[in-house]
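Breakdown of the fold
Okay, here's what each chain looks like letter by letter:
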Amino acid sequence: MFFFGDGQHHADYKALRILGEWTVKRILELDNVNPDAGDAWGKELVLEVARRNAKMVAAWQEYGFMHGVTNTDNVSIAGLTIDYVPYAFTDIFDPYHICNHSNQEGPYACHALLDALPPLIGAEIAPGNKGVQRGSADNVSDETISEWRAAGIREVGATTNQIIESTCASEYGIALRRHLALRRVDPSDQRTIFQSLVDMMETHRLDFHVTFRKPAFFRPNILLGDDDSGATALKLFIAELLEGTPESERLDTDKATEEWLAWLDTCTARIESETSGE
């Protein structure tokens, strides 16, 4: 077994080049680079792996799954989980919850791949962004390796973080729209619907799964009606939502009800905007 970047092996740049070229061609199947033609592939490998794993993490979060050790020997280059290790599913929503407390010194950092490949990426940059050739690292000084590493990090570091954040946010937005049956993309959804929902879950310590499941039974006409039956049904609906807190004695029911009413009103208007004109 060869790890791309767990930091436990002596650097073997020949093996890294062979494995990397094989991965680009056989696993990632990148169309925009051709190692056999001498194309530089290191940067594209890092960015594609970052993109795939960001999509995977967003899919986890859709179902409240938390992975405790997201490093290169517990997830795959292809963006698939291969080792669950310490993990948990969210119950009471807490965005700061950590399900693995064995990572105090940082051995399981998710940037391990970015630590492993910068020398190779820097070696590609040096001759004018061309793929590294056989024997290119032979008899190279430690000083040159350090220069290559610094150049590689400058080339991909910020871009990798940007891709992870933007991809994860985009994929999670798609997941939330799917959960809430929203068909059209609206840039304001993140602020007015998604963030408001998770803020309420955090503030009132609500059950993650119950909270996402309950809106499936909400009907906008409850808000649109003026009769007493509609108001009663709405109060009952919100009361059942708030039952998902384990600390009912600390719950400010009036404040929580007011916030849910406002959110449901916003969500109803959003749903109605999709059906108008059909």
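In case you missed it, the structure is sitting above this.
Per chain, residue numbering runs from 1 following the sequence as it is written. A pLDDT threshold of at least 70 governs which residues receive local features in this predicted model, and a stricter bar of 80 or more applies before side-chain atom pairs are shown or counted, although totals over entire chains, interfaces and linings include all residues. Side-chain measures were taken over the full set of non-hydrogen atoms in the model, leaving aside hydrogen atoms and water.

**Quick notes on the overall build of the protein**
Selection criterion: Note on conventions: DSSP H or I runs of at least 4 residues are helices, E runs of at least 2 residues are strands, and numbering of each starts at the N terminus. The cut-offs for exposure are 20% and 50% of the maximum accessible area for each residue type, with area from a 1.4 Å probe on protein chains only; residues under the lower value are buried, those over the upper are exposed, and the others partly exposed. When checking whether two residues touch, look at their non-hydrogen atoms; a contact exists if any pair is within 4.5 Å.
Counting its secondary structure elements, the protein contains 10 helices and 2 strands. Listing the helices and strands of the protein from first to last along the sequence gives α-α-β-β-α-α-α-α-α-α-α-α. Looking at the protein residue by residue over its 278 residues, the buried ones come to 41%. Considering only contacts in the protein between residues 6 or more positions apart, those separated by 24 or more positions represent 64%.

**What about the side chain of Thr211?**
To keep it simple, the criterion reads: Nitrogen and oxygen atoms within 3.5 Å of one another constitute a polar contact, given that in protein one can donate a hydrogen and the other can accept it, and given that sequence-neighbouring residues count only through two side-chain atoms.
The residue Thr211 is located in helix H7 (residues 208–213) in this model. By relative accessible area, Thr211 is classed as buried at 0%. A distance of 2.6 Å separates the side chain of Thr211 from the backbone oxygen of Asp207, its partner in a polar contact. Among all residues touching Thr211, those that are not within four sequence positions of it are Leu197, Met201, Leu206, Leu241 and Trp260.

**Observations concerning a nonpolar patch on the surface**
This is how the line gets drawn: For patch building, the residue pool is restricted to those with more than 30% relative accessible area and no salt bridge; the joining distance is 9 Å between like charges and 5 Å between nonpolar side chains (Val, Leu, Ile, Met, Phe, Trp, Tyr). All accessibility values rest on the Shrake-Rupley procedure with a 1.4 Å probe; residue burial counts only the protein chains present in the view. Any carboxyl oxygen of Asp or Glu that lies within 4 Å of a side-chain nitrogen of Lys or Arg is treated as forming a salt bridge with it.
Judged by side-chain polarity, Tyr63, Tyr87 and Phe89 come together as a nonpolar surface patch covering roughly 350 Å² of accessible area. Among the structural elements, Tyr63 can be located in the loop between helix H2 (42–62) and strand S1 (65–67).

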